[in-house]
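# Per-entry structural report
Here's the letter readout for the chains.
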Amino acid sequence: MTIKNICCIGAGYVGGPTMAVIAKNNPNIKVTIVDINAERIAAWNDPDLNNLPIYEPGLADIVAETRGENLFFSTAIDAAIDESEMIFISVNTPTKTYGKGKGMAADLKYIELCARNIADVAKTDKIVVEKSTLPVRTAEAIKSILHNTGNAINFHILSNPEFLAEGTAVSDLLNPDRVLIGGENEDAIAQLANVYAAWVPEDKILKTNLWSSELSKLTANAFLAQRVSSINAISELCEHTEANVNEVAKAIGMDSRIGPKFLNASIGFGGSCFQKDILNLVYIAKSYNLTEVADYWEQVIIMNDHQKRRFSDRLIKTLYNTVSGKKIAMLGWAFKKDTNDTRESAAIYVADHLLNEQAELSVYDPKVSKLKMQSDLNYLNTRSESENETGLQTAHTPYEAVKEAHAIAIMTEWDEFKSYDWKAIYKEMKKPAFIFDGRNILDKKEMNAIGFEYYAIGQ
């Protein structure tokens with residue numbers, strides 16, 4: 001089999017950037033990204049690259065270079081499946097909201113629908129690649145569906161998990177720490193390895209069995225999230241002992257056995273993967289009656305939830321135990337800088353808590369729309385949509401957001417927040433003017449000198 005056509009089912013945060021980089025580095029391969037969401041596909045095809053559905057530094061340039069040449073976006077799913085030799089499954093695998101495993105297990109209905117669609121359409125042998133983050137042994141289910149079609153077609157299932165950090169996804173793809181390929185058929189593994197070998201050194205392409213590949217993805221995210229929860233646990237201790245969590249993090253990060261990454265104390269981790277993958281890990285452990293293993297990893301989630309609630313509780317307590325009728329300016333809604341992704345963002349939960357206390361919120365984020373913010377709040381089903389619209393207003397500029405505000409809560413570490421005219425902001429606020437820095441991005445001495453009452457994580 002020669003790979004001339006690649007189909008990717010799913011035009012989201014993983015499929016879009018990954019396929020764009022594959023197309024850029026394999027000009028002889030036609031790459032087609034398909035999705036049932038016509039609005040999303042239209043956005044990917046928009047002549048104005050500022051309207052792409054995903055914001056990632058460097059992505060628009062690659063799309064401009066490859067789109068219409070060997071990178072295509074389409075809703076014609078069956079046609080793309082039919083003509084491809086290799087199919088990536090890159091659809092959403094949210095946490096289940098119903099039935100067995102509710103709130104913990106991954107919902108695999110979209111994965112199964114993809115597998116059944118491939119089985120119905122395929123007329124020639126296919127290499128099917130798991131790109132979505134999946135629980136261990138999902139490949140077994142895909143294999144069972146595809147191999148029982150009765151049409152004598154050979155399907156080779158590979159696991160190729162993504163290890164992208166949103167905000168740096170393009171650079172992560174162009175210069176990966178490793179590319180992991182798990183499978184049983186050596187020829188299929190070699191075909192996928194050849195696609196990546198167009199730009200990735202051979203020693204960075206790691207080949208394993210299917211199960212090791214699937215579990216490696218969950219484990220990597222669990223370890224990273226654990227570091228965040230660990231330093232956040234220490235941050236609370238610092239606030240009670242006059243230690244400074246930044247100094248503690250620097251001291252331990254200089255130990256070569258530990259290293260400095262993911263040791264920034266904050267309001268907590270968000271994003272589509274960390275919580276979901278840990279919950280998957282917990283669910284798998286519980287399914288094998290590994291209670292201690294499950295409890296260990298579940299504590300990472302518990303600590304993260306505690307950190308978000310602790311932040312909003314501290315804000316309320318500092319503002320004289322009430323925020324009712326008070327304007328709180330929230331800077332940032334995305335779960336981290338350099339992305340418009342808001343999934344599991346700490347800002348959503350802090351906003352929800354403050355709205356329960358009848359605060360009046362004014363939010364500014366450079367990349368997240370008003371529609372998205374309202375959608376995130378409405379998804380929680382805490383109150384009516386009209387109440388959310390009344391309680392949370394969006395601002396077009398940060399200076400509009402902070403005008404007449406009692407306090408500022410910094411929720412996302414956008415670089416631009418550091419360069420604002422904070423003296424001018426201070427003048428526009430109610431006094432005393434409070435800053436609650438959930439990302440520790442401002443200088444405490446400088447803010448205090450301006451006149452702010454400044455509170456940071458772990459200080």
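Structure: above.
The rules behind these values
Residue indices begin from 1 for each chain and proceed along its sequence in written order. Confidence filtering applies because this is a predicted model: local features only for residues at pLDDT of at least 70, side-chain atom pairs given and counted only at 80 or more, and all residues used for totals across whole chains, interfaces and linings. Side-chain metrics in this entry use all non-hydrogen atoms of the structure; hydrogen atoms and water are not considered. Only DSSP runs of H or I with at least four residues qualify as helices, and only runs of E with at least two residues qualify as strands; both kinds are numbered from the N terminus onward. Computation of the radius of gyration draws on C-alpha atoms alone. For the globule rule, the value is 2.2 Å times the number of residues to the power 0.38. Accessibility here uses a 1.4 Å probe with only protein chains present; expressed as a share of the type maximum, an area under 20% marks a residue as buried, one over 50% as exposed, and anything in between as partly exposed. The contact definition used throughout considers only heavy atoms, calling two residues in contact when any of these lie within 4.5 Å. One requirement defines pairing of two strands: DSSP has to find at least two bridges between them. Here the axes come from fitting lines to C-alpha atoms, over the contacting stretch only for helices, and the angles between their N-to-C directions go from 0 to 180 degrees. The handedness of a crossover follows from its direction of travel: if, with the strands pointing away from the viewer, the path from the first strand over the helix to the second runs clockwise, the crossover is right-handed. Should an angle fall under 35 degrees it is called roughly parallel, over 145 degrees roughly antiparallel, and 65 to 115 degrees roughly perpendicular, with every other angle called oblique. Working rule for handedness: look at the near helix, and if it is turned counterclockwise from the far one by less than a right angle, call the crossing left-handed; if clockwise, right-handed. Two aromatic rings, drawn from Phe, Tyr or Trp (for Trp, its six-membered ring), form a pair once their centres lie within 6.5 Å of each other, and the interplanar angle then sorts them: stacked below 30 degrees, edge-to-face above 60, tilted otherwise.

Moving on to the overall build of the chain. When helices and strands are tallied, the chain shows 18 helices and 14 strands. At 23 Å, the chain has a C-alpha radius of gyration in line with the 23 Å of a compact globule built from 459 residues. Overall, the chain is about 75 × 50 × 45 Å in size when its C-alpha atoms are taken along their principal axes. Across the 459 residues that make up the chain, the buried fraction comes to 52%. Across the chain, the fraction of contacts at a sequence separation of at least 24, relative to all contacts at a separation of at least 6, is 75%.

For the rest of this paragraph, the subject is the sheet that holds strand β11 (residues 392–394). Ordered in space as β11-β10-β9-β12-β13-β14, the six strands form an open sheet in which the pairing is parallel. The two strands at the open ends of the sheet, each matched to only one other strand, are β11 and β14 (453–456). Here the strands of the sheet are splayed against their neighbours by 20 degrees on average, with no regard to which way each runs. As judged from the four bridges shared by strand β9 (residues 327–331) and strand β12 (residues 407–410), these two strands associate in the parallel manner. Among the inter-strand pairings, A329 is bridged to a residue of β12, identified as I408. The sheet contacts of helix α13 (residues 346–356) involve β9, β10 (360–364) and β11, and relative to β9 the element is tilted by about 175 degrees.

We now examine the pairing of strand β13 (residues 434–437). Along β13, one buried face is formed by F434 and F436 and the opposite face, lined by I435 and D437, is buried too. A crossover connection joins β12 to the parallel β13 through helix α17 (residues 422–428); in handedness this β-α-β unit is right-handed. In this structure, β13 lies alongside β14, joined through four bridges in parallel fashion. Note that in β14 the partner of D437 across the bridge is A456. Handedness of the crossover joining β13 and β14 through helix α18 (residues 444–450): right-handed.

On to the packing of helix α9 (residues 210–241) against helix α10 (residues 245–253), then. At their nearest, the axes of α9 and α10 sit 9 Å apart, and the two run at 135 degrees to each other. Compared by their axis directions, α9 and α10 come out oblique. Every pair of crossing elements has a handedness; the one defined by α9 and α10 is right-handed. In contact with I231, I234, S235 and C238 of α9, α10 contributes V245, V248, A249 and I252.

This next bit is on the packing of aromatic side chains. Taken as a whole and assessed by the stated rule, the structure comprises 15 aromatic pairs. For the pair W44 and F73, a centre-to-centre distance of 4.9 Å together with 5 degrees between the ring planes defines the contact as stacked. With a gap of 29 residues between them, W44 in helix α2 (residues 38–44) and F73 in strand β3 (residues 71–74) connect regions that are remote in the sequence. On the accessibility criterion, W44 (0% relative accessible area) is buried.

Next up on the list: unusual backbone geometry. The omega angle of the peptide bond from K431 to P432 is -5 degrees, so this bond is cis rather than trans. Of note, the phi angle at Y320 is positive, near 65 degrees, even though the residue is not glycine. Residue position: Y320 is located in the loop between α12 (291–318) and β9. Residue class for Y320 comes out exposed when judged on its relative accessible area of 54%. Of note in the backbone geometry, N381 takes a positive phi value of approximately 60 degrees without being a glycine. The exposure class assigned to N381 is exposed, which follows from its relative accessible area of 65%.

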